[in-house]
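# Commentary on secondary and tertiary structure
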Amino acid sequence: MSATPPTMTKASTGDPGTAGDEAGLKAGLKNRHLSMIAIGGVIGAGLFVGSASGIAAAGPGILISYALVGAMVVFVMRMLGEMAAANPTSGSFSAYADRALGRWAGFTIGWLYWFFWVVVLAVEATAGAKILHGWVPAVPQWGWALIVMLVLTATNLASVSSYGEFEFWFAGIKVVAIAAFVAIGLLAVFGVLPGSKNPGNGFDLLTSHGGFLPNGPGAILTGVLMVVFSFMGSEIVTLAAGESEDPQRAVTKATNSVIWRIGVFYLGSILVVVSLLPWDSKEIADKGSYVAALDSIGIPHAGQFMNVIVLTAVLSCLNSGLYTASRMAFSLGQRGDAPKSFARTSGNGVPRIAILGSVVFGFLSVIFNYVWPDTVFKFLLNASGAVALFVWLAICITQLKMRGIILRETPEKLIVRMWLFPYLTWATIAMITFVLGYMVYDGGDNREQVLLSVLVGVIVLAIGLVRDRSRKALQQQ
């Protein structure tokens, strides 16, 4: 047996490749698709739904929590951008780990990432179904979950351009909504918005209710744990780049713009919320941060408006989750680490078996969520909870080795460079490790998530190591 399976492409081995050489995948994503996927990829439903609890825990200091996690994501994206610009592939960080660390590493991180997203499918389908059921109660909630899953599965099966077009509009709505919220909110903050019911006290509320850190500096770390998972998804653009018209340009642009995206959408919008209302306002706790802020200005039907935006964010996450899981399965199939059928594509360049395999697990997760929400589904949810941090950690470690490989083999491909290499890479590794350690120290659900995710990770790693050893033994015969 050869060291590289027959189905391996140049892109998946780490050698220079171009869009379209991905064994059947076609460059069906346009630059406008990639641009909007990159911009909207950092805006998850967690920003809209989960920010209120973070504000309650840390007060205005939640801005520091968002800034710390945002910086960590910026650094991780810079590292990933360096590798992806040099070698765009649908396997992204899994393929790079395969090349830099060994087949066991690519196998482990690839399957863990796939597992994370197929569980997310169930979470997002259920969240979307709750909103739709509230609007049309005649259709049961499970019926809406089924409809949402079927529609987006059909979209992904049709063509990659269908996925791109849906995501373009989903992401576009999120981006316009957040940008409008920040612009209108800042006008209200400074008291220059016509018709605003908010007194507009500038940034006085940041310190007037117990200070900037009313619950003490330690609350910043609590806030970090609450907001870190709302950033997951920013790396999707590097997977999608392998099916774009100009992958290097798309990755470079996405990597360079990640700072302002996080600054505007996360820090900007949360700054508006805590400047319009006291951090301990009952309105924020009862209505949610964004609805409460809009209500304070006097925007009519703010609750229903935000429901539409949250539904859009949920559908966007579900759409991207199915795409991402299927492309990771496709890449694993290419490298011989998943059934070979996952690497087969239809005439229009869609890995249908990989999509269907991913969505079947997603459907099962939805069923578990309705039938055994507190047992089976809770286990799946907690077992995938810390995978996002594992992925970011793997990206950092991989980049430490890939920099040397790129410089040695294709130095002209090093278009994007990680800042202050290797010091900032090591600093990011320390930050992620600290967050994982603090989750264990914090206890409760955070500790359970880390421990169960580690358990699943060890099982997948053990399988990867056994497969790697068996493969090497066959090669020596």
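Summary of the structure given here.

Rules and cut-offs
- Residues numbered from 1 in each chain as written.
- Predicted model: local features only at pLDDT ≥ 70, side-chain atom pairs only at ≥ 80, totals over all residues.
- Heavy atoms only, no water.
- Helix = DSSP H or I, 4+ residues; strand = E, 2+ residues; numbered from the N terminus.
- Rg over C-alpha atoms; globule rule 2.2 N^0.38 Å.
- Buried < 20%, exposed > 50% of the residue type's maximum accessible area, 1.4 Å probe, protein only.
- Contact = heavy atoms within 4.5 Å.
- Lys, Arg positive; Asp, Glu negative; His and termini not counted.
- Charge placed at Lys NZ, Arg CZ, Asp CG, Glu CD.
- Axes fitted to C-alpha atoms, helices over the stretch in contact; angles between N-to-C directions.
- Parallel < 35°, antiparallel > 145°, perpendicular 65-115°, else oblique.
- Left-handed = near helix turned anticlockwise from the far one by under 90°.
- Nonpolar A, V, L, I, M, F, W, Y, C, P; charged D, E, K, R; others polar.
- 1 Å grid on protein atoms, 1.4 Å probe; cavity = no way out; pocket = protein on both sides within 12 Å on 5 of 7 lines; lining within 4 Å.
- Points joined across faces, edges and corners; volume = space filled by probe spheres on them.
- Phe/Tyr/Trp six-rings, centres within 6.5 Å; stacked < 30°, edge-to-face > 60°.
- Salt bridge = Lys/Arg side-chain N within 4 Å of Asp/Glu carboxyl O.
- Patch = residues over 30% accessible without salt bridge, like charges linked within 9 Å, V, L, I, M, F, W, Y side chains within 5 Å.
- Areas by Shrake-Rupley, 256 points an atom, 1.4 Å probe, with all protein chains shown as cover.
- Expected span 1.5 Å × (residues − 1).

### Some remarks on the overall build of the protein
- When you go through the protein residue by residue, the secondary structure sums to 19 helices and 0 strands.
- Radius of gyration (C-alpha) of the protein: 22 Å, near the 23 Å computed for a compact globule of 477 residues.
- With the C-alpha coordinates of the protein rotated into their principal frame, the extents come out at 75 × 55 × 40 Å.
- When the 477 residues of the protein are sorted by exposure, 58% land in the buried category.
- Of all intrachain contacts in the protein linking residues separated by at least 6 positions in sequence, the fraction that spans at least 24 positions is 81%.
- For the protein, the distance from the average site of its 31 positive side-chain charges to the average site of its 25 negative ones is 7 Å.

### As for the packing of helix H8 (residues 160-189) against helix H13 (residues 289-297)
- In contact at an axis separation of 11 Å, H8 and H13 are set at 45 degrees when each is read in the N-to-C sense. With respect to their mutual orientation, H8 and H13 come out oblique. Like other packed secondary-structure pairs, H8 and H13 cross with a definite hand, here left-handed. Counting all contacts with H8, which are made through Ile178, Phe181, Ile184, Gly185 and Ala188, the residues of H13 involved are Tyr290, Ala293, Leu294 and Ile297.
- Looking at the contact of H8 with H13 residue by residue, the classes come out as 8 nonpolar, 1 polar and no charged.

### Some remarks on empty space enclosed by the protein
- Counted according to the given criterion, the structure contains 2 cavities of 30 Å³ or more.
- Approximately 40 Å³ is the volume attributed to the second largest cavity.
- Every residue along the wall of the second largest cavity is listed here: Phe48, Ala177, Ile178, Phe181, Tyr290, Phe305, Met306 and Ile309.
- Taken together, the elements giving at least two residues each to the lining of the second largest cavity come down to H8 and helix H14 (302-334).
- Grouping the constituent residues of the lining of the second largest cavity by class yields 8 nonpolar, no polar and no charged.

### Things to note about the packing of aromatic side chains
- By the definition in use, this model includes 19 aromatic pairs.
- Arranged with centres 5.2 Å apart and planes meeting at 90 degrees, the rings of Phe168 and Trp169 form a pair that is edge-to-face.
- Here Phe168 falls in the buried class, since its relative accessible area comes to 16%.
- With 5.3 Å between their ring centres and 80 degrees between their planes, Phe190 and Phe203 make a pair best called edge-to-face.

### Some thoughts on the layout of surface pockets
- Each pocket or cavity is described by its volume, and for the largest pocket that value is around 1400 Å³.
- In terms of lining, the largest pocket is formed by 50 residues, of which the most central are Gly46, Val123, Glu124, Phe229 and Ser230.
- Elements with a contribution of two residues or more to the lining of the largest pocket: helix H2 (31-40), helix H3 (45-58), helix H6 (103-135), H8, helix H9 (218-227), H14, helix H16 (376-385) and helix H19 (444-476).
- For the lining of the largest pocket, the element with the highest residue contribution is H6, accounting for 10 residues.
- Here the residues of the lining of the largest pocket are counted per class, giving 24 nonpolar, 19 polar and 7 charged.
- The volume enclosed by the second largest pocket comes to roughly 350 Å³.
- Sorting the residues of the lining of the second largest pocket by element identifies H6, helix H17 (387-409) and H19 as the ones contributing at least two each.

### Considerations on the pattern of salt bridges
- Across all of its chains, the model carries 14 salt bridges by this definition.
- With a shortest N-O distance of 2.8 Å, Glu82 and Arg403 are connected by a salt bridge. You can see Glu82 sitting in helix H4 (residues 62-86) and its partner Arg403 sitting in helix H17, a full 321 residues away along the chain.
- For Lys472, the salt bridge identified is with Asp468, shortest N-O distance 3.8 Å.

### Digging into a nonpolar patch on the surface
- A surface patch of nonpolar side chains, about 910 Å² in accessible area, is lined by Trp142, Leu146, Leu150, Val360, Leu364, Ile367, Tyr370, Val371, Trp372 and Val376.
- Contributions of two or more residues to the nonpolar patch are made by helix H7 (141-158) and helix H15 (352-371).
- A per-element tally of the nonpolar patch places H15 first, with 5 residues.
- When you line up the elements, Val371 lands in helix H15.

### Some thoughts on unusual backbone geometry
- Cis geometry marks the peptide bond from Phe421 to Pro422; its omega dihedral reads 0 degrees.
- Along the chain, Pro422 falls in the loop between H17 and helix H18 (423-442).
- Unusually for a residue other than glycine, Ser92 sits at a positive phi of about 40 degrees.
- Within the secondary structure, Ser92 sits in helix H5 (residues 92-100).
- Using a relative accessible area of 0% as the deciding quantity, one classes Ser92 as buried.
- Unusually for a residue other than glycine, Leu420 sits at a positive phi of about 50 degrees.

### Things to note about H4
- For H4, built from 25 residues, the straight-helix expectation of 36 Å at 1.5 Å per residue is met to within 8% by its first-to-last C-alpha distance of 36 Å.
- For H4, the buried fraction is high: 21 of the 25 residues fall into the buried class.

### Description of H6
- For H6, which comprises 33 residues, the first-to-last C-alpha distance of 48 Å matches the rise-based estimate of 48 Å (1.5 Å per residue) to within 8%.
- For H6, the buried fraction is high: 26 of the 33 residues fall into the buried class.

### Observations concerning the environment of Gly233
- Structurally, Gly233 is set in the loop between H9 and helix H10 (236-240).
- When its relative accessible area of 3% is taken as the criterion, Gly233 is described as buried.

### Observations concerning the environment of Trp419
- With respect to the element layout, Trp419 can be found in the loop between H17 and H18.
- Considered as a pair, Trp419 and Gly28 are 391 residues apart in the sequence and their alpha carbons are 32 Å apart.
- Discounting residues that sit within four places of it in the chain, Trp419 has contacts with Val74, Phe75, Arg78, Ile259 and Leu424.

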